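# Examining the three-dimensional arrangement
The primary structure of each chain is shown beneath.
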Amino acid sequence: MRALRVAIGIAAVIFVAAAGFLLFAWRSELPEDTAAEARFAPELVAKGAQLAALGNCIACHTVPGRPAFAGGLALPTPFGTIYSTNITPDRETGIGGWSEAAFERAMREGVDREGSHLYPAFPYEHFTRVSADDNRALYAFLMTRVAVKAEAPENDLPLPLQFRPLLAGWKLLFLDGGEREPDPGQSEAWNRGRYLVEGLGHCGACHTPRNPFGAEDRDRHFGGGEAEGWQAYAINTESKAPIPWDEQSLAFYLRNGWHEFHGVSRGPMAEVTGNLAFLPDSDIAAIATYVMSIMGAPTPEREQRAAQLREAFGGQRPEQAADSQRSPASGAGGQPGEAIYLAACASCHESERRQPFGGLNFQLSTAVNAPNPQNIVNVVLFGLPPADGEASAVMPAFRHLLSDQQVADLLAYMRERFSQEPPWAGLVEQTARTRSGTYKVAIRPSDGIERAPHHVGAEED
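Here's what I pulled together on the structure shown here. Computed from a prediction, not measured in an experiment: that's the story for all the values here.

Definitions and limits used
- Residues numbered from 1 in each chain as written.
- Predicted model: local features only at pLDDT ≥ 70, side-chain atom pairs only at ≥ 80, totals over all residues.
- Heavy atoms only, no water.
- Helix = DSSP H or I, 4+ residues; strand = E, 2+ residues; numbered from the N terminus.
- Buried < 20%, exposed > 50% of the residue type's maximum accessible area, 1.4 Å probe, protein only.
- Contact = heavy atoms within 4.5 Å.
- Areas by Shrake-Rupley, 256 points an atom, 1.4 Å probe, with all protein chains shown as cover.
- Expected span 1.5 Å × (residues − 1).
- Axes fitted to C-alpha atoms, helices over the stretch in contact; angles between N-to-C directions.
- Parallel < 35°, antiparallel > 145°, perpendicular 65-115°, else oblique.
- Nonpolar A, V, L, I, M, F, W, Y, C, P; charged D, E, K, R; others polar.
- Pairing = 2+ DSSP bridges.
- Core = buried A, V, L, I, M, F, W, Y, C linked by side-chain atoms within 4.5 Å.
- Left-handed = near helix turned anticlockwise from the far one by under 90°.
- Disulfide = S-S within 2.5 Å.
- Salt bridge = Lys/Arg side-chain N within 4 Å of Asp/Glu carboxyl O.
- Phe/Tyr/Trp six-rings, centres within 6.5 Å; stacked < 30°, edge-to-face > 60°.

### Quick look at the overall build of the chain
From N to C terminus, the chain includes 20 helices and 6 strands. Burial analysis of the chain (461 residues in total) assigns 48% to the buried set. Counting only contacts in the chain whose residues sit at least 6 apart along the sequence, the fraction spanning at least 24 positions is 69%. Surface accessibility of the chain: about 22,700 Å² in total, with carbon and sulfur atoms responsible for 57%.

### Quick look at helix α2 (residues 42–55)
The terminal C-alpha atoms of α2 lie 20 Å apart, and with 14 residues this matches the ideal 20 Å at 1.5 Å per residue to within 8%. When α2 is considered as a whole, its buried residues turn out to be V45, G48, A49, L51, A52, A53, L54 and G55. Elements that come into contact with the buried residues of α2 comprise α3 (57–60), α6 (132–143), α8 (188–198) and α11 (268–276). Where α2 ends, the next residue or the one after it, N56, has phi of about 55°, a positive value.

### Some words on the packing of α2 against α6
Contact geometry for α2 and α6: axes closest at 7 Å, N-to-C directions at 95°. In terms of orientation, α2 and α6 fall into the roughly perpendicular class. Here α2 contributes L44, V45, K47, G48, A49, L51 and A52 to the contact with α6, which in turn contributes D133, D134, R136, A137, L138, A140 and F141. Of the residues in the contact of α2 with α6, the class split is 9 nonpolar, 1 polar and 4 charged.

### Re the pairing of strand β2 (residues 80–83)
Pairing of strand β1 (residues 74–77) with β2, which is carried by 4 bridges, proceeds in the antiparallel orientation. Within β2, the position partnered with P76 by the bridge is T81.

### A closer look at the nonpolar core
The biggest cluster of nonpolar side chains holds 52 residues, and the ones touching the most others in it are F69, L138, F141, L142 and L200. In this structure, V264, V377, L381 and F418 belong to the second largest nonpolar core, which totals 31 residues.

### Topic: the environment of R218
Position of R218 relative to the elements: it lies in the loop between α9 (204–207) and β3 (225–227). What makes R218 exposed here is its relative accessible area of 54%.

### Quick look at the packing of helix α10 (residues 247–256) against helix α12 (residues 281–295)
Their axes nearest at 9 Å, the elements α10 and α12 cross at an angle of 130°. Overall, the two elements α10 and α12 adopt an arrangement that is oblique. For the pair α10 and α12, the sense of crossing is right-handed. Here E247, L250, A251, L254 and R255 of α10 lie close against α12, whose contacting residues are D281, I284, I287, A288, T289, V291 and M292.

### Section: the state of the cysteines
The full count for this structure, using the stated rule, is 0 disulfides. Not engaged in a disulfide, the cysteine C60 finds its nearest cysteine sulfur in C206; these two sulfurs lie 7.8 Å apart. For C60, a relative accessible area of 30% puts it in the partly exposed group.

### Describing the pattern of salt bridges
Two side chains carrying opposite charge are able to pair once their charged atoms lie near each other. This model, assessed by the stated rule, comprises 19 salt bridges. Salt-bridge contacts for D283 lead to R192; the nearest nitrogen and oxygen are separated by 3.0 Å. With a gap of 91 residues between them, D283 in helix α12 and R192 in helix α8 connect regions that are remote in the sequence. Of the residues examined, D283 reaches a relative accessible area of 10% and is grouped as buried. Its salt-bridge partner being R255, residue D281 comes within 2.7 Å of it at the nearest N-O pair. Note that D281 is positioned in helix α12 and R255 in helix α10, a separation of 26 residues in sequence. Here D281 falls in the exposed class, since its relative accessible area comes to 58%. Taken together, the shared-partner salt bridges in this structure form one network comprising E29, R113 and E114.

### Examining the packing of aromatic side chains
To describe a pair of aromatic rings, you give the distance between the ring centres and the angle between the ring planes. Across all of its chains, the model carries 15 aromatic pairs by this definition. With a centroid separation of 6.3 Å and 55° between ring planes, the pair formed by F122 and Y124 is classed as tilted. The partly exposed category is assigned to F122, whose relative accessible area is 23%. The exposure class of Y124 is buried, given its relative accessible area of 0%.

### Structural notes on unusual backbone geometry
Residue P160 is reached from L159 by a cis peptide bond, and omega for that bond is 5°. You can see P160 is positioned in the loop between α6 and α7 (166–174). That bond from Q355 to P356 is cis: its omega, 5°, falls within 30 degrees of zero. Structurally, P356 is set in the loop between α16 (346–349) and α17 (366–369). One non-glycine residue, N56, lies in positive phi territory at about 55°. Among the secondary structure elements, N56 is positioned in the loop between α2 and α3.

Okay, here's the thing in structure tokens:
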């Protein structure tokens, strides 16, 4: 009898705790807004277009080749696959019935109109910082897009992660909600940059590593992360850029998608810079000011090395500088990867063509100096697709020409010749996993997705 009473007591405690948690996690359904189709002032919609570009909304909420913002894009996570939702004003499958209050709750709390908790693949960790005025403008923009009837596939998540109320506990642990007050000790540009970067820009969602629960590791802010099979480089004091960034170079890169000492944006970052191109210069400069305050000044040793690289690559043609650095070995007499490099890479990456149309000399490459070779594995295998309808950097894919061992030999040679970092381990295995799709990498031809800047509606009149 005593054991029975203990069991009943434990069951009662569990029941009360579960009921209490469900009560804590419960969110009410908000009524549909029958006036959601109301016209919005053109200037408010235009402001919202810029905000949508800053948030890169179109990239996650658009399947390549399908209508913009209609959702359904597969977003692989360590916990399973989540599919982005339809955020067009379709009433049945999109957000056409959402009021502004419902939209703001989703942004600030990660809860949809029906009261369901949203997965943090939707980065409300950052969107909670967005002001009410900016939310209103973003809402106006989305509500004036073309309504598309498109139901997103069911998320592919294991139990118990399909049980959304559990996300209330995740938020209790990791969601630091609400706007931030400006820091009176910092400049107006710095505060504006922090608002853009930590809010709608959600830079940390890619550039910060995550803990085992999928939340950003706040102790390693901007310490480098992962997005769609690409490494988002560290943009703090751990940056491996051979020539350290400064405010001018970072602002130029964000505006143009390339820089002569840092190369061209690629992977998910290409979409980011494509969108940022339509922000005002003052916002781009503010972003650079804030990010550089986190990067900090380089060490004297690093700055000395950077000065040598600037002198080598800043005042003469790239191939002249490269020739002065070339190792005496060549072809079969050197490492196995050297002959591959000379045949497949040198003609572009040691040519007289400057950025963005010429290949970056690998002494300037963050990818070659990075602790993880994933980005350069991606580029070697899949190349760089051209931009649609305009001149752009292009690189052919070598996955049909080079074996896994040849790619590994090539990268091992490049790592030794062009960096001062230790060798990478496991190159053959990493290349094989990437080639086979075991490790999923997003490679989107830029003419195969309706994306910013032209389709986001942010182009200038």
